[in-house]
Every structure is written in structure tokens, then in C-alpha cells.
Amino acid sequence: MFNLVLFGPPGSGKGTQSTNIIEKYQLVHISTGDILRAEVANETPLGVEAKKYMDQGMLVPDEVVIGMISSKLDATPDAKGFIFDGFPRTVAQADALDNLLEFKNSPINIVLSLMVSEDELKSRLISRGEVSGRSDDNEDVIVKRIKEYHAKTSPVADYYKGKEKLVEIPGEGTVDSIFNALCAEIDAKLD
Ligand code: AP5
Ligand code: MG
């Protein structure tokens, strides 16, 4: 198995690059943001609860997301590997993921961290907000999402740095050039 975490702040291109990576490497895409938005759209009890946090740019409680990941891993036992997009977002989530993967004897192989300046993040998300219909793509909530990232998510980078799994990738430039840089790191690990 090959397990990859695509890491980075809101708007760094995790979703965009995941689409290309899953196609090339046949990995199963797990985006907690996408799963949560589907729960919100279906008005499930989980979605109703999660929406309160998402609309404010706050992280959904760890136990909710960890439970979602656990069921998703169980639902695809034959996967060649997973790409985690937007998860883990806290050190507690990173710990939980390590424990879940230990049962499968297939740890995280690499964490690719997309580096994008704050001005670029804001301008990308504001532009996306004009077309996406996402309730969290407006200026006030974008600022809160970035603040939440610095407070709770950036320590996850140190967590993986300590395990020598973190590779930083410049996340500005064309989608193709960033994709090529990501593939070079993945290929080096697969060899
Ligand atoms: P989530 O859906 O994960 O959102 P996010 O992290 O805020 O990131 P985005 O999806 O907005 O950005 P992205 O990095 O995927 O960039 P994208 O490719 O879209 O989370 C949403 C909410 O759900 C959270 O706030 C939280 O409440 C909750 N949640 C989710 N996971 C959670 C967890 N694990 N724990 C707790 N709560 C959780 O690109 C952005 C834009 O830029 C696009 O318009 C794209 O076209 C454009 N773009 C991409 N690449 C480039 C480029 N190279 N040049 C120019 N533009 C580009
Ligand atoms: Mg995304």
C-alpha cells in the first residue's frame, strides 16, 4: 500500500492536486471536507452538527472526523493506498490516523506540504467563492479558517517533520508544474 497525506492551508490546492494524483497512482481519495459537505447537503444529524462549525471556519470536533475516517478505511479494504486531503488537521487526528493504519500494517509513506503565501490563499478562495456556493468562501470566514489553520493544524507539520515524513513543495505556479513536483517526490518514494 502507498499512503499519502496532502497537507496545506485552506486554498493551497489540496483538492485540485488530489484529482490528478488519484488518477495517476490509482489511490483512493479521502477528503474530510468533501465528506462533511455531503453530510451537510443530505441534512444528516452529523451534517447538521458539522455545519455549525464549518460555516464559522472552525474545525469540526476530532471524534467526529476520526470516526468518519475509520469507516471510510473499512469501506475500501482492497485499496492500493489512500490520499488524505484535509486530514489530519490536528495532532490528535494525526495520532489517531497512525493507530488506524497500524492495524493495516501500512503507515503513512509521505506527507507533501503545499507552501502558499497568505495573500495568494485569500485571493484564490475569494475567487472560488464567487462560483463555488461554498458557505465558507467569504472574506470573514476565510480569515477565520486561516487563523484556525495556524492555531491547530500547522503543528501537524511538526508532527510529521519529527517522523521525517514531511516534504515541502512550493504551491504557487501552474497546476501542472506543482503536480510534476508532487509526482517527483511520490516516484522517489515508490522506487
Ligand atoms: P476543507 O474542505 O478541507 O477546506 P480547506 O482546507 O479550507 O481547503 P479548501 O478545500 O478550501 O482548499 P484546497 O487546499 O483543497 O484548495 P483547492 O484545490 O480547492 O474543509 C472545510 C471545512 O470542513 C473546515 O473549515 C472544517 O470546518 C471542516 N473540516 C474538514 N476537514 C476537517 C478535519 N480533518 N477536522 C476538522 N474539521 C474539518 O484550491 C483552491 C482554489 O484555488 C480553487 O479555486 C482552485 O481552482 C485554485 N487553485 C488551485 N491550485 C491553483 C494554482 N496552482 N494556481 C492558481 N489557482 C489555483
Ligand atoms: Mg479542498
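Relevant structure appears above.
Right, let's walk through the structure included here. All values reported here derive from a predicted model rather than from experimental measurement.

## Details of the nonpolar core
Argument step 1. Judged by nonpolar contacts, the single largest core of 26 residues is most densely connected at Val5, Phe84, Leu97, Ile108 and Tyr160.
Argument step 2. Within the residue set of this core, elements represented by two or more residues are β1 (4-7), α3 (45-54), α4 (62-75), β3 (82-85), α5 (91-103) and α7 (139-162).
Argument step 3. Of the residues forming this core, the biggest block, five residues, is contributed by α7.
Argument step 4. Once residues within four sequence positions are removed from consideration, Phe84 is found in contact with Asn3, Leu4, Val5, Leu6, Ile30, Ile69, Leu73, Leu97 and Ile108.
Argument step 5. Counting residues in hydrophobic clusters, the runner-up holds 16 residues, among them Ile21, Ile83, Ile110 and Cys183.

## Here's the deal with the packing of α4 against α5
Argument step 1. Between α4 and α5, whose axes approach to 10 Å, the crossing angle comes to 25 degrees. With respect to α5, the element α4 is oriented roughly parallel. The handedness of the crossing between α4 and α5 comes out as right-handed. Residue-level contacts link Asp62, Val65, Ile66, Ile69, Ser70 and Leu73 of α4 to Ala92, Gln93, Ala96, Leu97, Leu100 and Leu101 of α5.
Argument step 2. In terms of residue class, the contact of α4 with α5 is made up of nine nonpolar, two polar and one charged.

## Notes on empty space enclosed by the protein
Argument step 1. Applying the stated rule across the entire model yields one cavity of 30 Å³ or more.
Argument step 2. Looking at the largest cavity, its volume works out to about 40 Å³.
Argument step 3. If you go around the largest cavity, the residues you meet are Leu6, Phe7, Gly8, Lys14, Gly86, Phe87, Pro88, Arg89 and Thr153.
Argument step 4. Counted by class, the lining of the largest cavity contains four nonpolar, three polar and two charged residues.

## Quick look at the pattern of salt bridges
Argument step 1. Inspection of the entire model under this criterion finds ten salt bridges.
Argument step 2. Notably, a salt bridge pairs Glu49 with Lys52, separated by 2.9 Å at the nearest N-O pair. On the criterion of helical spacing, the pair formed by Glu49 and Lys52 is a turn pair, its members being three residues apart in helix α3.
Argument step 3. For Lys52, a relative accessible area of 48% gives the class partly exposed.
Argument step 4. Here Lys51 makes a salt bridge to Asp55, at a shortest N to O gap of 2.5 Å.
Argument step 5. Asp55 sits in the partly exposed class, given a relative accessible area of 27%.
Argument step 6. It is possible to trace a salt-bridge network through shared partners that takes in Arg128, Arg134, Asp136, Asp137 and Arg145.

## Section: the sheet that holds β1
Argument step 1. In space, the five strands of this open sheet follow the order β2-β3-β1-β4-β5, with parallel pairing throughout. In this open sheet, the two edge strands, each paired with only one partner strand, are β2 (28-31) and β5 (166-170). Going from strand to strand, the sheet's axes swing by 20 degrees on average, the running direction of each strand aside.
Argument step 2. Judged from the five bridges that link them, strand β4 (residues 110-115) and β5 form a sheet pairing that is parallel. Paired with Ser113 across the bridge in β5 is Glu168.
Argument step 3. Strand contacts of helix α8 (residues 175-190): β1, β4 and β5, with the helix running at about 160 degrees to β4, the strand carrying the most contacts.

Calculation notes
Residues numbered from 1 in each chain as written. Chains lettered and ligands numbered in written order. Predicted model: local features only at pLDDT ≥ 70, side-chain atom pairs only at ≥ 80, totals over all residues. Heavy atoms only, no water. Core = buried A, V, L, I, M, F, W, Y, C linked by side-chain atoms within 4.5 Å. Buried < 20%, exposed > 50% of the residue type's maximum accessible area, 1.4 Å probe, protein only. Helix = DSSP H or I, 4+ residues; strand = E, 2+ residues; numbered from the N terminus. Contact = heavy atoms within 4.5 Å. Axes fitted to C-alpha atoms, helices over the stretch in contact; angles between N-to-C directions. Parallel < 35°, antiparallel > 145°, perpendicular 65-115°, else oblique. Left-handed = near helix turned anticlockwise from the far one by under 90°. Nonpolar A, V, L, I, M, F, W, Y, C, P; charged D, E, K, R; others polar. 1 Å grid on protein atoms, 1.4 Å probe; cavity = no way out; pocket = protein on both sides within 12 Å on 5 of 7 lines; lining within 4 Å. Points joined across faces, edges and corners; volume = space filled by probe spheres on them. Salt bridge = Lys/Arg side-chain N within 4 Å of Asp/Glu carboxyl O. Pairing = 2+ DSSP bridges.

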